[in-house]
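An overview of the molecular structure
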Amino acid sequence: LIALKCADRKIALEINSNKKDDLVLTNDNNRIEQVLLNLLSNANKFTPDGGKIIIKAYKEIDQVVSISVQDTGIGIKPEDMDNLFGEFSRVVNSETIELNPQGNGLGLWISRKMCQAMGGNLTVQSTYGKGSTFIASFRSDYEGFDSHSENTSIELDTKTRKQS
């Protein structure tokens, strides 16, 4: 779905991972997908036509797998960074309202809470006018959900793919 939206707007979508890393998460597949879909949807919304989105998956220390979503979008002003992950918090300026008039300020808050529930976190690095990189991290061995969750083992694709 995101690939089609990117293709419509001529946004290059690149997926990379370190082939040496064993990138397996024993976690809740649905929650990981929800986090990634939110990050990719935001990257697509805030990246201009002809821009680029790069997804990288890599293993860190202590059984942590990180997935970064980097874009060449509008970026985030330094003064807006503190409230970015707050509940019902939106960056509101003329650019963001034009690009995302429907946003309710819950996506990043929920995504961060889900990452934290899986033993990780969601962080951001951004330069206004140049783009942002959101990094979702998860403990690869975390099994802390109740019986209503789908604890599944998912293997991240380790092939480099490019779409433009």
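Higher on the page you've got the structure.
This is a predicted model, so every value here is computed, not measured.

**Here's the deal with unusual backbone geometry**
- Phi at K10 is positive, roughly 60°, even though this residue is not glycine.
- With respect to the secondary-structure elements, K10 resides in the loop between α1 (2–8) and β1 (12–17).

**Quick look at the packing of helix α2 (residues 29–46) against helix α4 (residues 107–117)**
- Following both chains from N to C, one finds α2 and α4 inclined at 145°, their axes separated by 10 Å at the closest point. In this structure, the crossing between α2 and α4 has a hand that is left-handed. Note on element contacts: α4 touches α2 through G107, L108, I110, S111, M114 and C115, opposite R31, Q34, V35, N38, L39 and N42.
- Of the residues belonging to the contact of α2 with α4, the class tally is 6 nonpolar, 5 polar and 1 charged.

**Quick look at the environment of N104**
- Relative to the helices and strands, N104 is located in the loop between α3 (94–99) and α4.
- Between the C-alpha atom of N104 and that of E87, which follows or precedes it by 17 residues, the distance is 9.2 Å.

**Thoughts on the packing of aromatic side chains**
- Applying the stated criterion to the full structure yields 1 aromatic pair.
- With a centroid separation of 6.4 Å and an interplanar angle of 80°, the aromatic rings of F85 and F134 are classed as edge-to-face. Taken together, the positions of F85 in the loop between β4 (64–71) and α3 and F134 in strand β6 (residues 131–139) put the pair 49 residues apart, joining distant regions of the chain.
- Owing to a relative accessible area of 11%, F85 belongs among the buried residues under this scheme.
- With a relative accessible area of 9%, F134 lands in the buried category.
- A cation over a ring is seen here: R112 above F85, with NZ or CZ 3.8 Å from the ring centre.

**Focus on the pattern of salt bridges**
- The full count for this structure, using the stated rule, is 2 salt bridges.
- Between R9 and D49 there is a salt bridge whose closest N-O contact spans 2.7 Å. Placement of the pair is R9 in the loop between α1 and β1 and D49 in the loop between α2 and β3 (52–59), with a sequence separation of 40 residues.
- Residue D49 is classed as exposed on the basis of its relative accessible area, which comes to 57%.

**Digging into the nonpolar core**
- Within the largest apolar cluster, 27 residues are counted, with the highest numbers of intra-cluster contacts made by L39, I53, L122, F134 and F138.
- Those elements giving two or more residues to this core turn out to be α1, α2, β3, β4, α4, β5 (121–127) and β6.
- The leading source of residues in this core is α2, at 6 residues.
- In this structure F134 touches L39, I67, S68, V69, I76, L84, F85, L108, L122, T123 and V124, once residues within four positions along its chain are discounted.

Cut-off values and rules
- Residues numbered from 1 in each chain as written.
- Predicted model: local features only at pLDDT ≥ 70, side-chain atom pairs only at ≥ 80, totals over all residues.
- Heavy atoms only, no water.
- Helix = DSSP H or I, 4+ residues; strand = E, 2+ residues; numbered from the N terminus.
- Axes fitted to C-alpha atoms, helices over the stretch in contact; angles between N-to-C directions.
- Left-handed = near helix turned anticlockwise from the far one by under 90°.
- Contact = heavy atoms within 4.5 Å.
- Nonpolar A, V, L, I, M, F, W, Y, C, P; charged D, E, K, R; others polar.
- Phe/Tyr/Trp six-rings, centres within 6.5 Å; stacked < 30°, edge-to-face > 60°.
- Buried < 20%, exposed > 50% of the residue type's maximum accessible area, 1.4 Å probe, protein only.
- Lys NZ or Arg CZ within 6 Å of the ring centre and 35° of its normal.
- Salt bridge = Lys/Arg side-chain N within 4 Å of Asp/Glu carboxyl O.
- Core = buried A, V, L, I, M, F, W, Y, C linked by side-chain atoms within 4.5 Å.

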